[in-house]
Amino acid sequence: MPRRESSAPSLPVIATIDIGTTSARAILFSKEGIELAKHQIEYSTTASEAPENSENTEQFRRRSSLMRHNEPIFSAEGIAISINDHVEIENNKSSVGPTLRFPQPGWVECMPVHILANAVQCLVACLISLRKINQNPELKIKYKVKAIGIANMRETTIVWSKKTGKPLSGGITWTDTRTAEIVEHLEKMIDEDRKKELKEKTGLPLSTYFSAAKLRWLLDNDEVIKEEYEKGDGNLMFGTVDTWLIYHLTKEKTFVSDITNASRTYFMNLETLDYDDDLLDFWGIDPTKISMPKIVSSSEFYGSFTAPNLSQLGFHNKITQEAYDILKTIRNVPICGCLGDQSASLVGQLAFSPGAAKCTYGTGCFLLYNTGTRKLVSSHGALSTMGYWFPTLEGDSGKPHFALEGSIAVAGSIVQWLRDNLKMIENAKDIGPLASQVQNSGGVVFIPAFSGLYAPYWDRGARGTIFGMTQYTSASHIARAALEGVCYQVRAILKAMASDAGGSEDFLEEALSSQHEDRLLSTLATDGGMSKADEVLQIQADILGPCVTVKRAQISECTALGAAIAAGLSFKDEGERIWKDLDDVIATISGEGEENNEFKAKMADADRRKNWKRWERAIDRAKGWLDDED
C-alpha cells in the first residue's frame, strides 16, 4: 500500500460505505469505534406502483419522499440532503426513479448506478459534517480520513460494460427468485454424490440465493448481455456490489472481490480461495467471454479513492460543484477494507474467537458462527462460508477464517409487511408494544416464508402461512406470532449447527445442551433493526432457553464498524495501522455492558418444548405449497 504523504498531526478517521438491501449509508468512525458522522438514504421502491407484487412488498417501501428546504448538495432534481439530517428517504419522483424495483412477482432488482450515487451522496454528507467538527476552535488536533471500508449486501449480481462502465441490466438482488427453474433443472440433472461434491467445494446448497444462477439467467434471458457474451470480446464484466463499488470508486478501476463476497457466488472453491473450473463449467460460464473479478482478502490496498463521473454512467441528476469539491478532500485515500455485510457484522461484534456467534436482524435474519481457520461443511442445512481474512496480522489471526451461517429471508421485512400491507402499525417501532399486549400468541403460528424457506429447511416451494387462528385471535397475537416466527428460525439454525458439530466437533452441541459456564456459546450477540426492541430479544431468549444469553450489541452499526476494522488493519506497516492487531481492536473499541442489553429466558421449559413442537408441525405443513402447481 502506498504510504500517504506526511502532513500536520491528525486523528485518524475510517469512512465506511455500507450498502444494504433497502438503504445505503456512510459512517465516519474514530479509532474508538465512535460515530463522528453518519448519513443514510432509505430506498424508495416500485412496490406502491405494483401492488400485485405482494411477494416482494416486504422489501421496504415508503409512501412519501422527504425533500429538504435548505441548500442541497445535489440539485433539487435529485435527492436534496441536509448536513443536519441523519436519515433521508429517496425521492421516488426524481428523474432517475427508485433504487429497488419489482418488475414481476418474485423479481427484485436494484439499480446499480443509483446504489453508487447514493453511496457518494452519503459520503458527501458525512464529509461536510466532519468539516464542521474540524472547524471547532476547541479541537486541537483535526480529524482526517485515513482509510475507507466497504460493507455490502451479498449475492446481488451486476453485469456491466468494460467500455462504458454502465450496467447492462438491473442488478438481481439476493432475494430474487426468478432463477427457480434453472436451479430445479440442475437439481434434477445431478445425483446426490455430485450435490455433495459441489457442497464440499462451495459450502453452499443449490439455491436461487447465490450469484451463479442469477448470472446464468442474465446470459440466457437478457438480450443485450446475451449478445455481448456471444461476441466474446472481453466487454462483459461480472461482479457483486463490492466489486461494482470498488471498480467505480478507485482511480485504478480495480476489479476485485473479497473472499466473503466471492464465496457467495457459487464459483469459488473454499479450499483454494479461487475460482474453480469445475464450478464455472457446471454453470456453463466461459471466463474468456465474461471477466470475473480477482478474489482478494478482506483487508488490503484495493485502490485510491476518486469520485465517479455519475453523469457518464447515466445518472442524470446534477451534482453540484460543492459536492465534488468536498470529495476532493479524500482523493487518493486508500479503499482497503471490504466485507460482505454478514461477515462485517461478525467482525463489528468483535466475534474473533472460534465459537463466537452473532445474529443480525435486518431485512433478512443472519446467524454466523465463527469456526476459526477450519472449514466445517454442514450436513444439516447451514452454510459454510468465509468469515474474514486479515493477512497483515500474525499467526492464526492472519489466516482466512471460516464460519457457519444460517439465513432467514424474512425478518425485519415482516414488520414492514405488517405496517404497509396489513396496516397493523403506523411505524416499525410500534411492533414491540403491539406484540406485548398479549402474553403469548394464543396458539397462532406465523411462518414468514414469503419467498420460500432458507436455512435450515431450504424449501423454495414454501410460502408464508398463518396457522391456528380463531375468533379470539387479535392483531396483537398475529404481531407476536410474526416476531416468534423469526426467532424460531434462529433456534432452528442453531440446532442445525449443533448437529453439524456433533462427535469430535462438539463445541456447538455444548452450546445448546450444557449448563457449564465455560461452554463456548454462552452468548448470542445481536444487532440490526429488530434487535433494538426489547420485546424481540426477550422472545428470542425465551425460545432459545436458559443456556444462551441474548445480548444486544453495544455499537448499533456493527456492519459498518466491521468494514472500518478491516480497513484499519490493512496497512502492512504496523505503525500505520489504526489498530495494530485484534487485541488492540477489542481493547480500543469497548462498551461497558448494561443490564438492559442482556436477555435471559423466563419461559417455563415445558411451555418452550410444547411451542417448539407446534412450530415444527407448522413448518411441515407450510413446505411444498407450490409443488403441485402447474
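Report follows, based on the coordinates. The model shown is predicted, which means the values in this text are computed figures rather than measured ones.

What follows covers the packing of aromatic side chains. Inspection of every chain in the model, using the stated rule, returns 18 aromatic pairs. Judged by centre distance (5.0 Å) and plane angle (45 degrees), the rings of Tyr-209 and Tyr-454 are tilted. Of the two residues, Tyr-209 is situated in the loop between α3 (192-202) and α4 (211-221) and Tyr-454 in the loop between β22 (445-447) and β23 (465-467); the sequence distance between them amounts to 245 residues. Take Tyr-209 and Tyr-454: they sit in the same class, and that class is buried. By the ring-pair criterion, three or more aromatic residues cluster together here, those being Trp-174, Tyr-209, Phe-210, Phe-366 and Tyr-454. Taking NZ or CZ as reference, Arg-178 lies 3.9 Å from the ring centre of Trp-107, over its face.

To continue, consider the sheet that holds strand β18 (residues 357-361). Sheet architecture is open: 7 strands sit in the order β20-β21-β19-β18-β24-β25-β26, paired in mixed fashion. A strand with exactly one partner marks an edge of an open sheet, and here the two such strands are β20 (383-388) and β26 (598-599). Sheet topology places β18 next to strand β19 (residues 365-372); 5 bridges connect them, and they run antiparallel. The partner of Ala-357 across the bridge, within β19, is Tyr-369.

With that settled, the discussion passes to the sheet that holds strand β8 (residues 158-161). Judged by pairing direction, the sheet is mixed, and its 3 strands sit side by side in the order β8-β10-β14 without closing on themselves. Two strands in the sheet have a free side with no partner beyond their single neighbour: β8 and β14 (290-291). With 2 bridges joining them, strand β10 (residues 236-239) and β14 adopt parallel strand pairing. If you follow Leu-236 over to β14, its bridge partner there is Ile-290. Lying on the sheet, α4 is in contact with β8, β10 and β14; it crosses β10 at an angle near 155 degrees.

This part takes up the packing of helix α1 (residues 112-134) against helix α6 (residues 241-249). Between α1 and α6, the least distance of the axes is 11 Å, while the angle of their chain directions is 60 degrees. Where α1 crosses over α6, the handedness of that crossing is right-handed. Contacts from Pro-112, Val-113, Ile-115, Leu-116, Ala-119 and Val-120 of α1 reach α6 at Trp-244, Leu-245, His-248 and Leu-249. Its residues assigned to classes, the contact of α1 with α6 comprises 9 nonpolar, 1 polar and no charged.

Quick notes on the rules
Residues numbered from 1 in each chain as written. Predicted model: local features only at pLDDT ≥ 70, side-chain atom pairs only at ≥ 80, totals over all residues. Heavy atoms only, no water. Phe/Tyr/Trp six-rings, centres within 6.5 Å; stacked < 30°, edge-to-face > 60°. Helix = DSSP H or I, 4+ residues; strand = E, 2+ residues; numbered from the N terminus. Buried < 20%, exposed > 50% of the residue type's maximum accessible area, 1.4 Å probe, protein only. Lys NZ or Arg CZ within 6 Å of the ring centre and 35° of its normal. Pairing = 2+ DSSP bridges. Contact = heavy atoms within 4.5 Å. Axes fitted to C-alpha atoms, helices over the stretch in contact; angles between N-to-C directions. Left-handed = near helix turned anticlockwise from the far one by under 90°. Nonpolar A, V, L, I, M, F, W, Y, C, P; charged D, E, K, R; others polar.

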